[in-house]
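Take a look at the letters that make up each chain.
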Amino acid sequence: MKKSLIALAALATVATAAQAQSVTLYGIIDSGYLNVSKTGATTATTSTGSLNALASGALSTNRWGLKGSEDLGGGLKANFLLEAELTSDDGAGTTPFFKRGSWVQLENASGSVTLGRQNRLDYAAVASNDPFGAANVGGFVSAGYLGGKAVAAGDIRPDNAVTVQTAKINGLSVAYQHAFGEVAGGASKSRVQSANIDYTIGKFRANYSYAQTNDAANGSGSTKGNFFFASYDFGVVKPHYGYVETTKVGTGAGIKNKVNMYGLSAPVNAKVTAMVGYYDHKNANHTDGKDGQSYSAGALYSLSKRTTLYALYAKSDVDSGTVLAVANLGAQHNQSSNAPAGVNQQVYAVGIRHAF
């Protein structure tokens, strides 16, 4: 009888621990057909060739991860995330392995503190305010933030980062992020700092971010950016506006790269959502007088809560010498950072995304 009571007590303890802590395996697999006109090869500066490919992650970057949370009592929680990236067309992974995130967090009703590799606050603001989200074809992330070189070259997720974020109070939340460069004898070298203010009241949302990325050589050279977004959800249609202005030290010093974003998203019916975007670029890649425009359109068809069919289209119209990509699928298909200078590019993709 005594042994039975001990066994029951042990089972109860295990059950309580299981309720207090949860771990979830999750991910996204996204594949489809991609066509890119006038793409530049890795070593070429110009090209009029067209690329046809089975693309990986045109709508959403492929990923899998583990995330979990433990109730510590008194309203305090410990959270963690480990997220890896992969390409679904060939099964390849990336380096570092958990490239998309590896962090631990303490959270309560007042806010959170997050330690580790995580999204820059300015990138998170761009992705959450654009009608195309973080799509890799069309949208602000691919054409303005990365393709237009609005930010310094490098990863959008800094290592060694600490983020402090408040909870929403009357619709307002504030966050600050500091990523240590970890260079001996140079505290400012390779340092990344960003701050964000987000305000939501009813169906209106406004968001402002500031970011600064220091170089590794002396810590004084840097790229600085201001990011402003606003949207209002009318129900039948949601207009989006964004403005990004970045400056840099060194090559292109003092030249402001400016991008205006105008977008619309609309639920056509319960299953279909349509998006359009127009992006006006001034001094792209921090090069004086190198201007251009990009246009995007897309449609999503929901087969279920987890499975979506999509069609995406993007086009650039640039001045002579302007480098402006409208896709961000990286070295996988050589059509992102290698967009030829002064050449208008056109991209379309159709595919399927499944979340688990």
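With that out of the way, let us pick up the overall build of the protein chain. Each helix and strand counted, the protein chain has three helices and 17 strands in total. Taking all 356 residues of the protein chain together, 43% fall into the buried category. Sequence-distant contacts, at least 24 apart, represent 54% of the contacts inside the protein chain between residues at least 6 apart. Accessible area for the protein chain stands at about 16800 Å²; split by element, carbon and sulfur atoms hold 60% of it.

Let's shift gears to the nonpolar core. In this structure, Leu34, Val137, Phe140 and Leu312 are the most contacted members of the largest nonpolar core, which totals 33 residues. Of all elements in the fold, only strand S1 (21-37), helix H2 (121-129), helix H3 (139-146), strand S11 (222-232), strand S13 (257-267), strand S14 (272-282), strand S16 (307-318) and strand S17 (346-355) reach the threshold of two or more residues within this core. At four residues, H3 tops the list of elements feeding residues into this core. Excluding anything up to four places from it in sequence, Leu312 contacts Ala58, Leu59, Phe132, Val137, Met275, Ala297, Gly298, Val347, Tyr348 and Ala349.

Before going further, it helps to examine the pairing of strand S15 (residues 292-302). Relative to S15, S14 runs antiparallel, the two being bridged by 10 bridges. Paired with His281 across the two strands is Gly292, which belongs to S15. The pairing of S15 with S16 spans 11 bridges and is classified as antiparallel. Considered in S16, the bridge of Tyr295 is made with Lys315. Connecting S15 to the antiparallel partner S16 that follows it, the hairpin turn spans four residues.

To continue, consider the environment of Lys238. Tracing the sequence through the fold places Lys238 in strand S12 (residues 238-248). By relative accessible area, Lys238 is classed as partly exposed at 27%. Along the chain, Lys238 and Ala266 lie 28 residues apart, while their C-alpha atoms are 6.1 Å from each other.

What follows is about the confidence of the model for the protein chain. In this model, the protein chain carries a mean pLDDT of 85, and residues with pLDDT of at least 70 account for 83%. Throughout residues 1-18 the model reports pLDDT below 50, and contacts reaching past four residues in sequence, or to other chains, amount to zero contacts. Residue range residues 41-46 is modelled with pLDDT below 50. Its contacts to residues more than four positions away, or to other chains, number six contacts.

In this section: the pairing of S14. With 10 bridges joining them, S13 and S14 adopt antiparallel strand pairing. Along S14, the bridge assignment pairs Pro267 with Thr273. Hairpin remark: S13 followed by S14, antiparallel, with four residues in the connecting loop.

Going from Thr95 to Pro96, the amide bond is cis rather than trans, its omega being 0 degrees. With respect to the helices and strands, Pro96 occurs in the loop between strand S4 (76-85) and strand S5 (101-108). Even without being a glycine, Asn170 presents a positive backbone phi close to 55 degrees. Within the element layout of this structure, Asn170 appears in the loop between strand S7 (161-166) and strand S8 (172-179). At Glu182, a position not held by glycine, the phi torsion is positive, near 55 degrees. As for its placement among the helices and strands, Glu182 is situated in the loop between S8 and strand S9 (192-201).

This paragraph deals with the pattern of salt bridges. Between side chains of opposite charge, a pair can form as their charged atoms come close. Enumeration over the complete set of coordinates arrives at seven salt bridges. The salt bridge partner of Asp122 is Arg120, with a shortest N-O separation of 3.0 Å. An identical accessibility class is assigned to Asp122 and Arg120; each is buried. Measuring nitrogen to oxygen at the nearest pair gives 2.9 Å for the salt bridge that ties Lys168 to Asp198. Residue Lys168 is found in the loop between S7 and S8, and its partner Asp198 is found in strand S9; the two are separated by 30 residues along the sequence. A relative accessible area of 48% places Lys168 in the partly exposed class. Look at the salt bridges and you will find they share partners, linking Lys168, Asp198 and Arg205 into a network.

Calculation criteria
Residues numbered from 1 in each chain as written. Predicted model: local features only at pLDDT ≥ 70, side-chain atom pairs only at ≥ 80, totals over all residues. Heavy atoms only, no water. Helix = DSSP H or I, 4+ residues; strand = E, 2+ residues; numbered from the N terminus. Buried < 20%, exposed > 50% of the residue type's maximum accessible area, 1.4 Å probe, protein only. Contact = heavy atoms within 4.5 Å. Areas by Shrake-Rupley, 256 points an atom, 1.4 Å probe, with all protein chains shown as cover. Core = buried A, V, L, I, M, F, W, Y, C linked by side-chain atoms within 4.5 Å. Pairing = 2+ DSSP bridges. pLDDT = per-residue confidence, 0-100. Salt bridge = Lys/Arg side-chain N within 4 Å of Asp/Glu carboxyl O.

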